[in-house]
Amino acid sequence: QVQLVESGGGLVQAGDSLRLSCAASGRTFSRTIMGWFRQAPGKAREFVAYIRWSPAYTFYAASVKGRFTISGDDAKNTVYLQMNSLKPEDTAVYYCAADNRGRFTIDQTDYPYWGQGTQVTVSS
């Protein structure tokens with residue numbers, strides 16, 4: 001079992017930056033994939049980015065590549081999502097997810113563990 005707790009959401013203006021954190025507890029491994037997803041009002045949840053602890057590997061959705069950076073601190077078992085140049089269309093509830101099977105996947109159904117989500121609102 002893996003427990004995930006997100007934090008760091010809030011209300012910002014377009015162009016601002018925000019950093020989300022996801023603290024993981026329980027059984028995680030070097031092969032664990034940690035992902036970020038988001039769900040905007042009235043839309044389906046979508047993939048944002050994922051990271052593998054070791055060896056380090058990251059992958060981003062095209063819509064955030066170059067603006068968002070996912071990173072991890074294995075000593076703290078925490079994953080971060082640094083979001084720069086935020087746009088109103090980035091407004092969503094952001095969820096952290098984990099998969100211990102080490103599969104590189106953007107399919108949310110492949111992630112068995114989820115956090116409760118944190119709201120990010122970007123005003124224009």
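Our subject is the structure listed above.
Note that the structure is a prediction, hence the values are computed from the model and not measured.

**Structural notes on the nonpolar core**
Then, in step 1: Counting 36 residues, the largest nonpolar core has Leu4, Met34, Trp36, Leu81, Met83 and Tyr94 as its most contacted members.
Then, in step 2: At the level of elements, strand E1 (2–7), strand E3 (18–26), strand E4 (33–39), strand E5 (46–52), strand E7 (68–73), strand E8 (78–83), strand E9 (92–99) and strand E11 (118–123) are the ones that each hand at least two residues to this core.
Then, in step 3: Ignoring anything within four residues of it in the chain, the contact list for Tyr94 reads Glu6, Leu20, Trp36, Phe37, Arg38, Val48, Phe68, Leu81, Met83, Gly117, Thr118 and Val120.

**Some remarks on the side chain of Asn77**
Then, in step 1: With respect to the element layout, Asn77 can be found in the loop between E7 and E8.
Then, in step 2: Judged by relative accessible area, which is 17%, Asn77 ranks as buried.

**Considering the pattern of salt bridges**
Then, in step 1: Inspection of the entire model under this criterion finds 6 salt bridges.
Then, in step 2: One salt bridge connects Arg38 with Asp90, and the closest N-O pair in it is separated by 2.9 Å. One end of the pair, Arg38, is in strand E4; the other, Asp90, is in the loop between E8 and E9, and 52 residues separate them in sequence.
Then, in step 3: When the shortest N-O distance is used, the salt bridge between Arg103 and Asp99 registers 3.6 Å.
Then, in step 4: Residue classification places Asp99 among the buried positions, given a relative accessible area of 0%.
Then, in step 5: Bridged by salt links that share partners, the residues Arg38, Glu46, Arg67 and Asp90 form one connected network.

**Notes on the packing of aromatic side chains**
Then, in step 1: A full pass over the atoms with the stated rule returns 11 aromatic pairs.
Then, in step 2: Taking the centre distance of 6.4 Å and the plane angle of 75° together, the rings of Tyr95 and Trp114 count as edge-to-face. On the criterion of sequence distance, the pair formed by Tyr95 in strand E9 and Trp114 in strand E10 (residues 113–114) is long-range, its members being 19 residues apart.
Then, in step 3: By relative accessible area, Tyr95 is classed as buried at 15%.

**Some words on the sheet that holds E8**
Then, in step 1: Strand order in this open sheet of 4 strands is E1-E3-E8-E7, and the pairing throughout is antiparallel. Unpaired on one side and paired on the other, E1 and E7 mark the two borders of the sheet. Strand after strand, the sheet turns through a mean of 20° between neighbouring axes, direction not considered.

What counts, and at which threshold
Residues numbered from 1 in each chain as written. Predicted model: local features only at pLDDT ≥ 70, side-chain atom pairs only at ≥ 80, totals over all residues. Heavy atoms only, no water. Core = buried A, V, L, I, M, F, W, Y, C linked by side-chain atoms within 4.5 Å. Buried < 20%, exposed > 50% of the residue type's maximum accessible area, 1.4 Å probe, protein only. Helix = DSSP H or I, 4+ residues; strand = E, 2+ residues; numbered from the N terminus. Contact = heavy atoms within 4.5 Å. Salt bridge = Lys/Arg side-chain N within 4 Å of Asp/Glu carboxyl O. Phe/Tyr/Trp six-rings, centres within 6.5 Å; stacked < 30°, edge-to-face > 60°. Pairing = 2+ DSSP bridges. Axes fitted to C-alpha atoms, helices over the stretch in contact; angles between N-to-C directions.

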